[in-house]
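# A look at the structure
Okay, here's what each chain looks like letter by letter:
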Amino acid sequence: MDKNFTLKILMVLLFVNLVYNSKAQLNYLPGGFATTAGTYVDLGSNGDSIVTANKDDAFSSALPIGFTFNFNGAPYDSFVLSTNGFIKLGRDSASRHFLFTVMAQPPSNGPFTSTTSPTPAGSDSSMLFVFGQDLISATNANAEYRVYTSGSPGSQVCTIQWKNVKDKLQAGLGGQYDTMNFQIKLYETTNVIEYVYGYWSTTIVISAARFAAVGIVGKSVTTANQNLHLVKGSTIAWGSSVPNTGFYLNNAVNY
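Before going into details, it helps to say that this report is about the structure given with it.

Each value, and the rule that gives it
Residues numbered from 1 in each chain as written. Predicted model: local features only at pLDDT ≥ 70, side-chain atom pairs only at ≥ 80, totals over all residues. Heavy atoms only, no water. Helix = DSSP H or I, 4+ residues; strand = E, 2+ residues; numbered from the N terminus. Buried < 20%, exposed > 50% of the residue type's maximum accessible area, 1.4 Å probe, protein only. Contact = heavy atoms within 4.5 Å. Salt bridge = Lys/Arg side-chain N within 4 Å of Asp/Glu carboxyl O. Polar contact = N/O pair within 3.5 Å; in protein donor to acceptor, adjacent residues only side chain to side chain.

### Here we look at the overall build of the protein chain
- Regarding its fold elements, the protein chain presents zero helices and 14 strands.
- If you list the helices and strands of the protein chain from N to C, you get β-β-β-β-β-β-β-β-β-β-β-β-β-β.
- Looking at the protein chain as a whole, 55% of its 255 residues are labelled buried.
- Here the analysis covers contacts within the protein chain between residues at least 6 apart in sequence; of these, 63% occur between residues at least 24 apart.

Structure, rendered in structure tokens:
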């Protein structure tokens, strides 16, 4: 990703929910993934503001999706937002926020201490990572989180938005981007998951690798076939990213 850019091309990640009755494997598979270009549409004042205790390492309360969303063989009518770029489907928050440390091997300067998964607790499940990183408010704007369910019954879309966030200083290195905007979209009936990325800006240039989790976790963060993550090197364009099953380690986005 270019260091100085306006992301006018959206990278949309489609994890098509395949008909799969076995609970042993995540039923969103790499074959259902696609990227497309489009126009980012900010929610503006539509929907409801999502309240968190602060803008750094905080969860929201359980919030309604607005319809039943079926994920990996289970129905969900609610989600919990993390300020760190992910949601957990259902009414419970994840076990804890990530611990952000530099690891001896990739992903250095990445968001997770676990060597096998996005979170260190095997009990966590049903999580969607649009940009899993240690995020705070942008330098010149307060972070805002919002949810908006639109459309007619049977074909509704729930949009969850992170606006004016930035990646936090890690191991003495400042964040790569000063303003990030992105969304998760959940589609009724089809159960498609869409990750949409809008305008990002930066005022700092760093040479260190920076990693984020982009993907989904099914019924277990410690079972390889319950994890699907995007893989991208630092010189690879977002449109050339590829999805891969297995743990977050070595399946990360170098942004």
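So that's the structure; there's more coming.
### With respect to the pattern of salt bridges
- Tallied over the entire structure, the rule returns six salt bridges.
- Arg146 is the partner of Glu144 in a salt bridge, and the nearest nitrogen-oxygen pair spans 3.0 Å.
- Glu144 gets classed as partly exposed once you look at its relative accessible area, which sits at 25%.

### Quick notes on the environment of Glu194
- The residue Glu194 is located in strand 10 (residues 193-197) in this model.
- Put simply, Glu194 and Thr35 are 159 residues apart on the chain and 9.7 Å apart in space, counted from C-alpha to C-alpha.
- At 2.7 Å, the side chain of Glu194 forms a polar contact with the side chain of Tyr187.

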